[in-house]
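Listed below, chain by chain, are the residues.
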Amino acid sequence: MAIQEKGSISIHTENIFPIIKKFLYSDNEIFLRELVSNAVDATQKIKRLASLGQYKGELEDTTVEVSLNEEQKTLTISDKGIGMTAEEIKKYINQIAFSGATEFVEKFKDAKDANELIGKFGLGFYSAFMVADQVEIQTLSYQDDALPARWICDGSTEFEITQGSRTIRGTDIILHINKESEEFLDKHRIQQILDKYARFLPIPIKFGTKTESVEDGKDDEGKPKYKSIEADNIINNTNPIWTKAPADLKDEDYLGFYKELYPFTDDPLFWIHLNVDYPFNLTGILYFPQVKNDVDFQRNKIKLFSRQVFITEEVKDIVPEFLMLLHGVIDSPDIPLNVSRSFLQADSNVKKINNYITKKVADKLFDLFKKDRKAYEDKWQDIGLFVKYGMISEEKFYDKAKEFALLENTKNEHFTIEEYNEKIKENQTDKDDNLIILYTNDVLKQDSFIQSANKKDYDVLVFNSIIDNHFINQLEQKLEKTQLKRVDADIVDKLILKEEAPAHILTEDQVKSVKEVFEKAIQKGTMHVEVESLGPDDAPVHVTMDEFMRRMKDMAQLGGGMSFYGSMPDNYKVAVNGNHPLISRIIHTENAEEKTQLAKQAYDLALLSQGLLTGPELTDFVNRSYKMI
Ligand code: ADP
């Protein structure tokens, strides 16, 4: 019985294809992903039927083949899958998107990209019309006594089904590429698309041919002769390591796969193999890259797959924000890839996946910390960035990470938050029972302050990464009765106020006159002179900026809505150490000019030691110093 039928595709609109074509133009390359995925699905189905004993024929070679015919301007995707009968074509192809074609037409205006439309309305096959003005199917079903069928459609709603010519089980999809889409007749372009989407598909995909040199007997002198033969060009790795059991993998496998994904990148620090099948299905490998303090982070380096089909590198919402800097792959058929962003955020699976990844990462870090603390500390520079970011942005992560987040001091020692608390609480609790944590963001510039603190046996932490400002705020919020102060925020005795006020050797009149001498020497409204009593070994002058003021200004600079503070000039305190011998000398110097010179010199030296002396003032200072010696 010959098949011969004409008809029209059952959708309730005149012509859907011009819409598809025009609207989806921007990412039209995904037609190939859709068609190759269909071919892979059909192949997997026949293999499953065979393994269940429901298909008794030979499977033979099931490689999917993509081929170009430049003369006829066709691109063909061939599989040896289950094929279709004419009835099945009518059911699956003609009644396009019967779940919601009308809806489709109504909604197409709101859709943002091709993925969204295709997924939502099951238009995978029809995406072919984005690039072809005629699509032909030649297919033979695996079923006994099935007849080959041919379907052809020119992109209108009219189609034709006739008897086909295929003699082997499976399907050919033949696209007659349209004028505007001739790029898809270029083999490099096709290769590029396949590399992107089909690289890890589970069924071998062959594209084009490549020539290989093989030995072909010997020549007269007994040297081997060679000839060129055509070799299959399988373009994909059908068993990527994320689909394997972690127990079957070695470090080399993970490192090798990393190199395969990111050829020119340094080895990762470590990785996490994700593997869960309930309540959602997800596999993948997340790598922690070496980032150091590089500001130039590379986001969107995680590839998202659905059953080994590449979907996107935009994993926002699926991967917690703070892990966006990780590399690797995630594969899940349960992520609704094709719906809009807002839907994704509300999706309960996505939330669960997000939580799962957060938990896995936290567990892995805690594991590394417990197993080999030394190695963990060595990597802290890199890991710290993720951990701190996570602690700031996710409450749940903070609760876990407080056990393995490290604080590093100026002596390169590392402590957990609790260990540090134990270490300093005796000596660094002030008279109001507040624990004062001192830190520096610049070990070299703030050296004089660090030394003053160390003289009192105070410890100083180093917070110098871009994230530390926020991390400091977070710690203050989380830790009870604890304040963090930058070591140059005040003179050391004022940073941690103790009960006993330090002894003052100057009289009230002397204090007044010292203040006047310095004010006269400095002559700057933004420098506020105060006479303090520090140890005689401490520097004669310190220039400090109040912790609160500085933080507000930092925030204003980062665009934190503190513009009021941003527009204020830098106000500093000039703390003169009344107990220093130099100050006594100034008091006892008769000559007014000499008094001013000494004060100016001491003040400039303080600025110099903090890297604050620049420009004409620095030149002035140098010239004055030459004169003095
Ligand atoms: P989806 O793949 O999302 O179901 P498609 O529009 O891509 O939507 O395909 C519709 C149906 O057509 C498929 O579900 C399948 O039954 C059938 N089909 C498409 N391509 C093939 C093929 N290469 N071999 C066998 N059946 C196919």
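Cut-offs applied
- Residues numbered from 1 in each chain as written.
- Predicted model: local features only at pLDDT ≥ 70, side-chain atom pairs only at ≥ 80, totals over all residues.
- Heavy atoms only, no water.
- Helix = DSSP H or I, 4+ residues; strand = E, 2+ residues; numbered from the N terminus.
- Buried < 20%, exposed > 50% of the residue type's maximum accessible area, 1.4 Å probe, protein only.
- Axes fitted to C-alpha atoms, helices over the stretch in contact; angles between N-to-C directions.
- Parallel < 35°, antiparallel > 145°, perpendicular 65-115°, else oblique.
- Contact = heavy atoms within 4.5 Å.
- Nonpolar A, V, L, I, M, F, W, Y, C, P; charged D, E, K, R; others polar.
- Phe/Tyr/Trp six-rings, centres within 6.5 Å; stacked < 30°, edge-to-face > 60°.
- Lys NZ or Arg CZ within 6 Å of the ring centre and 35° of its normal.
- pLDDT = per-residue confidence, 0-100.
- Left-handed = near helix turned anticlockwise from the far one by under 90°.
- Arc of directions from axis to C-beta.
- Pairing = 2+ DSSP bridges.
- Core = buried A, V, L, I, M, F, W, Y, C linked by side-chain atoms within 4.5 Å.
- Salt bridge = Lys/Arg side-chain N within 4 Å of Asp/Glu carboxyl O.

Once that is clear, we can look at the environment of Leu-444. Among the structural elements, Leu-444 can be located in the loop between strand S17 (435–440) and helix H14 (447–455). When its relative accessible area of 73% is taken as the criterion, Leu-444 is described as exposed. Each C-alpha atom, one on Leu-444 and one on Gly-611, is 9.0 Å from the other, the two residues being 167 residues apart in sequence.

Further remarks concern the packing of helix H17 (residues 508–522) against helix H20 (residues 581–588). Direction vectors running N to C along H17 and H20 enclose 90°, while the axes themselves pass 10 Å from each other. Considered as vectors, H17 and H20 are oriented roughly perpendicular to each other. Contacts between H17 and H20 involve Gln-510, Val-514, Val-517 and Phe-518 on the former and, on the latter, Ile-583, Ile-586 and Ile-587. Along the lines of polarity and charge, the residues of the contact of H17 with H20 split into six nonpolar, one polar and no charged.

Counted by the stated rule, this structure contains 28 aromatic pairs. Judged by centre distance (5.8 Å) and plane angle (70°), the rings of Phe-200 and Phe-305 are edge-to-face. Taken together, the residues Phe-200 in the loop between helix H6 (187–197) and strand S8 (205–218) and Phe-305 in strand S12 (residues 301–306) connect sequence positions 105 residues apart. In this pair, the class of Phe-200 matches that of Phe-305, namely buried. The interplanar angle of 80° and the centroid separation of 5.8 Å between the aromatic rings of Phe-280 and Tyr-356 together place this pair among those described as edge-to-face. Taken as a pair, Phe-280 in the loop between strand S10 (270–276) and strand S11 (282–288) and Tyr-356 in helix H9 (residues 348–371) lie far apart in primary sequence, 76 residues in all. Taken together, the aromatic side chains of Phe-322, Phe-366, Phe-369, Tyr-376, Trp-380, Phe-397 and Phe-404 make up a single cluster linked through ring pairs. Geometry around Phe-366 places Lys-370 over its ring, the cationic atom sitting 4.2 Å from the centre. For the cation-ring pair, Lys-478 lies above Tyr-398, with the distance from its terminal atom to the ring centre recorded as 4.8 Å.

For the chain, the average pLDDT comes to 86, and 85% of its residues sit at 70 or higher. Of all the helices and strands in the chain, helix H4 (residues 101–107) carries the lowest mean pLDDT, 52, while strand S18 (residues 460–462) carries the highest, 98.

Looking now at the packing of helix H11 (residues 380–393) against helix H15 (residues 468–478). Relative to each other, H11 and H15 sit at 50°, their axes nearing to 10 Å. Relative to H15, H11 is oriented oblique. Of the two possible hands of crossing, H11 and H15 adopt the one that is left-handed. Residues Lys-388, Met-391 and Ile-392 of H11 form the contact with H15, whose participating residues are Asp-468, His-470, Phe-471 and Gln-474.

Okay, H6 next. The complete set of buried residues in H6 reads Arg-189, Ile-190, Ile-193, Leu-194 and Tyr-197. End-on view of H6: buried residues confined to an arc of 135°, all on one side of the axis.

This brings us to the sheet that holds S10. Spatially, the five strands line up as an open sheet ordered S10-S11-S14-S12-S13, and their pairing is mixed. Two strands bound the open sheet, and with one partner strand each, they are S10 and strand S13 (309–312). Pairwise comparison of adjacent strand axes, ignoring direction, gives a mean angle of 20° for this sheet. Strand direction decides the pairing type here: S10 and S11, joined by seven bridges, are antiparallel. Following the sheet pairing, Phe-270 is matched in S11 by Phe-288.

Turning to the pairing of S11, a few remarks are in order. In terms of residue burial, S11 counts as a mostly covered element, since seven of its seven residues are buried. With five bridges joining them, S11 and strand S14 (residues 327–331) adopt antiparallel strand pairing. Within S14, the residue paired with Leu-286 across the bridge is Gly-328.

The next subject is the nonpolar core. Ranked by size, the top nonpolar core spans 61 residues in total, and within it Trp-151 and Leu-175 carry the most contacts. Broken down by element, this core gets its largest block of residues, seven residues, from helix H2 (residues 30–51). Counting residues in hydrophobic clusters, the runner-up holds 58 residues, among them Phe-369, Tyr-398, Leu-461 and Phe-471.

Another aspect to go through is the environment of Thr-157. Tracing the chain through its elements places Thr-157 in the loop between strand S5 (149–153) and strand S6 (158–163). Sequence separation between Thr-157 and Asn-94 is 63 residues, and the spatial gap between their C-alpha atoms is 9.2 Å.

A word on the pattern of salt bridges. Going through the model one piece at a time under the given rule, you end up with 33 salt bridges. With a closest N to O distance of 3.1 Å, Arg-33 and Glu-34 form a salt bridge. Both residues of the pair, Arg-33 and Glu-34, belong to the buried class. For Lys-494, the salt bridge goes to Glu-532, with nearest N and O atoms at 2.6 Å. With a gap of 38 residues between them, Lys-494 in helix H16 (residues 492–495) and Glu-532 in strand S20 (residues 527–532) connect regions that are remote in the sequence. A relative accessible area of 33% places Lys-494 in the partly exposed class. In this structure Glu-532 comes out as buried when scored by relative accessible area, which is 5%. What you see here is one network of salt bridges that share partners, running through Glu-29, Glu-183, Arg-189 and Lys-196.

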